[in-house]
Amino acid sequence: MFFVDTIETEGLGNRGYLAGGSTTAVAVDPPRDVERVLAAAAARGVRIGHVVETHVHNDYVTGGLELSRLTGAHYLVPAAARVSFDRVPVTDGDSVVVDAGLTLRALATPGHTPHHTSYVLAEDGREVAAFTGGSLLIGTVGRPDLVEPRLTAELARPQHASVHRLARELHDDVRVLPTHGFGSFCSASPPRDGGGTLGEERTGNDALTQDVDTFTERLLAGLDDVPAHYARMGPINAAGPAPVDLTPPGVADGEEIAERLAAGEWVVDVRSRTAFSRGHVAGTYNFEAEGRLATYLGWLLPWGRPVTLLAETRGQLANAQRELVRVGIDRPAAAATGGPSSWLRAGEEPRSFPRADFGALKRARERGEHLVVLDVRRDSERARGHVRDSVHIPVHELHGRSGEIPAGTVWVHCAGGMRAAIAASLLDAAGRDVVAVDDGFDAALTAGLTVDDCGEDGHAA
C-alpha cells in the first residue's frame, strides 16, 4: 500500500511531498529545510531513493540538491532545465521504480516554465496520484510570467495544452497534488477550496472548461504583481543552493543595534504587530514571524542588505531564521531576543503608534482631523473597491514612494492588518505619524465609509 505525506510550507503557500511504499520513497519538490522531509521519512521507516523537481523554482530555494546529498538519493531534474550541478536528467516518458509495485513516470507539462515536468505515481500499474508542480493547480494553474517577461505569452498556450494532456491521459480518480496554489504568488489566480482529484478539476478548473483563446486572454489579463525576490530564486536554484546553516546568529545589544541602523542596515522586529505598535526601537521594521515573513521581507528587502532580527523568544527567532533561508536570506547579521527595554541604549525611549479599526477612521474624518488614508493593497485588490479619497501605494512599492504621501497623520490599511503593520513600521521609521488600521477591509463599508468600485479602466465608477 502506497502513502503520500504532505510537507507544507504555509508561509510561502507551497507543498512538497514524500511518497512511497514499505521500504523506499521519493521526495517531490522538497523545501530547503530538509529536516522536515527526513523526519517524515524516519516516521514512515523508509529510505529516500529519489528526489525529483518539477521545475527550477522561482519562489523558494529548493532543498533537493542537499536532500539528495544527505541521503544518496538519485536527483531527478528536467533535462531541459539549465543547471550547474550533476543530476539525473528527466525527459517525457521516463520512469523509475520507487518501491515494489510503485513507479513514477515523467510527463512534460510546459507552461509554468518551458521545462516543467509533472510526475505520475502508479501502484501495480494503476495511476493513483499526479504531482503537478506549477502546472495543474486546484481550481487554477501556475502563472506563466515568472521565467522571463518575453516568454509570458508564449507559455500561456502550452500551459493550457499541458493541463489538457493531464486530463486526457489520466483517469478521474487520480489525486492532483500541486506544489503551488495554497497562497503562493506562483498561482495564476486564487485557488478553489476543496478539490483534489482530476475528476473534480475537469468541472471546476478554468483551464479545462475554457477554450484556449478564452483561457489565454483571461490568464494574461489577470496576472498580478510578482514578488521582487522571485527574480533571484531561479538563479540560486540553477546554480545549486548551499547547505543551510541554522545555528543562532551573534547576539546584538542596544549599542550594536543602533550602529547597524545608523549604517543603513535593516533591523527587523518579528514580534506581533500588536506588540510592535506598543513599543519598539526607532528605525526598526515590523514583519511578523507568524505572518508571511519570508514572502514580504524577501519582497521588500534590498537584496544583500544585512538583516538583524529582533524576536520575543528564542523559538520565535529560530522559526524566523528557518523561514528566511527558504527565500535565500541565509544568515542574519545579528539577533536579539526579549523586548525593547533590552534593545535600547541607556536613556532611550521606545517609539509607539496607535492601532485602530475602520470605525475609528470614520470618526476621525468626521472630526475633521488632518489625515491621509493610505491603501497598501495590490492593484487587483483595490480595483474591487477602495475607500474614497484614499492614496494607493502597494506595500511592496512603499519604501521607494513614501515621498508621494501628502502631509498629515497617515492611517494605513490593507485587507486584514498584516501588510498595514509592515507599512506603518516603514513610515514610522521614516518619521511619519501613523495609525495602523488593524481591521478587515469589509468592515470599511460597515463602518460607514464610502467605498468606491473601479470600472474596467481602473478608475472609480
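Whatever comes next refers back to the structure up there.
Summarised in this report is the structure supplied together with it. Note that the coordinates shown come from a computational prediction; the quantities given were computed from them, not determined experimentally.

Reading the values: the criteria
Residues numbered from 1 in each chain as written. Predicted model: local features only at pLDDT ≥ 70, side-chain atom pairs only at ≥ 80, totals over all residues. Heavy atoms only, no water. Helix = DSSP H or I, 4+ residues; strand = E, 2+ residues; numbered from the N terminus. Rg over C-alpha atoms; globule rule 2.2 N^0.38 Å. Buried < 20%, exposed > 50% of the residue type's maximum accessible area, 1.4 Å probe, protein only. Phe/Tyr/Trp six-rings, centres within 6.5 Å; stacked < 30°, edge-to-face > 60°. Axes fitted to C-alpha atoms, helices over the stretch in contact; angles between N-to-C directions. Parallel < 35°, antiparallel > 145°, perpendicular 65-115°, else oblique. Left-handed = near helix turned anticlockwise from the far one by under 90°. Contact = heavy atoms within 4.5 Å. Nonpolar A, V, L, I, M, F, W, Y, C, P; charged D, E, K, R; others polar. Salt bridge = Lys/Arg side-chain N within 4 Å of Asp/Glu carboxyl O. Polar contact = N/O pair within 3.5 Å; in protein donor to acceptor, adjacent residues only side chain to side chain. Pairing = 2+ DSSP bridges.

A look at the overall build of the chain
- A count of helical and extended segments in the chain gives 17 helices and 22 strands.
- Taken against the 2.2 N^0.38 rule, which gives 23 Å for 461 residues, the C-alpha radius of gyration of the chain at 24 Å falls within 12% of a compact globule.
- On the principal axes, the C-alpha backbone points of the chain span a range of 70 × 55 × 35 Å.
- The 461 residues of the chain split such that 56% are buried.

A closer look at the packing of aromatic side chains
- Within the structure shown, the criterion is met by 8 aromatic pairs.
- Ring geometry for W266 against F287: centres 6.3 Å apart, planes inclined by 35°, an arrangement best described as tilted. Residue W266 is located in strand β12 (residues 266–269), and its partner F287 is located in the loop between β13 (285–286) and α10 (293–300); the two are separated by 21 residues in the primary sequence. For the pair formed by W266 and F287, the shared burial category is buried.

Here we look at unusual backbone geometry
- Even without being glycine, D29 reaches a positive phi, approximately 45°.
- Mapped onto the elements of the fold, D29 is located in the loop between β3 (24–28) and α1 (35–44).
- Given a relative accessible area of 2%, D29 falls into the buried group.
- Even without being a glycine, D124 presents a positive backbone phi close to 50°.
- For D124, the position within the fold is in the loop between β9 (117–123) and β10 (126–133).

Remarks on the packing of helix α3 (residues 152–169) against helix α6 (residues 212–221)
- Following both chains from N to C, one finds α3 and α6 inclined at 135°, their axes separated by 9 Å at the closest point. In terms of their interaxial angle, α3 and α6 are classed as oblique. Of the two possible hands of crossing, α3 and α6 adopt the one that is right-handed. The residues of α6 that touch α3, namely those facing T152, A153, A156, R157 and H160, are V212, D213, F215, T216, L219 and L220.
- Within the contact of α3 with α6, the residues separate by chemical class into 6 nonpolar, 3 polar and 2 charged.

What to know about the pattern of salt bridges
- Summed over the entire model, instances satisfying the criterion amount to 37 salt bridges.
- Two residues, R322 and D33, come together in a salt bridge whose shortest N-O distance is 3.2 Å. On the criterion of sequence distance, the pair formed by R322 in helix α11 (residues 314–325) and D33 in the loop between β3 and α1 is long-range, its members being 289 residues apart.
- Judged by relative accessible area, R322 falls into the partly exposed class, the value being 24%.
- Here R401 ties to E404 by a salt bridge, and the two come within 2.9 Å at their closest N and O atoms.
- The partly exposed category is assigned to R401, whose relative accessible area is 25%.
- Connected through shared salt-bridge partners, D33, E35, R36, R322, E323 and R326 make up one network.

Here we look at the environment of S95
- For S95, the position within the fold is in strand β7 (residues 95–99).
- Here S95 is in contact with T103, L104 and R105, once residues within four sequence places are set aside.

A short note on the side chain of D269
- Secondary-structure assignment places D269 in strand β12.
- For D269, a relative accessible area of 0% translates into the label buried.
- A distance of 2.8 Å separates a polar atom in the side chain of D269 from a polar atom in the side chain of R271.
- Beyond its immediate sequence surroundings of up to four residues, D269 is in contact with F276, H280, Y285, N286, F287, L310 and W343.

Digging into the sheet that holds strand β5 (residues 74–78)
- Taken in spatial order, the 6 strands of this open sheet run β1-β2-β3-β4-β5-β6, and their pairing is mixed. Only two strands of the sheet have a single partner each, and these edge strands are β1 (3–9) and β6 (88–90). Ignoring strand direction, the axes of neighbouring strands in this sheet form an average angle of 25°.
- Taken together, the 3 bridges between β5 and β6 define a ladder with parallel strand orientation. Bridge assignment links P78 to a residue of β6, and that residue is V90.
- α1 rests against β1, β2 (14–20), β3 and β4 (47–52) of the sheet, and its axis sits at about 155° to β1.

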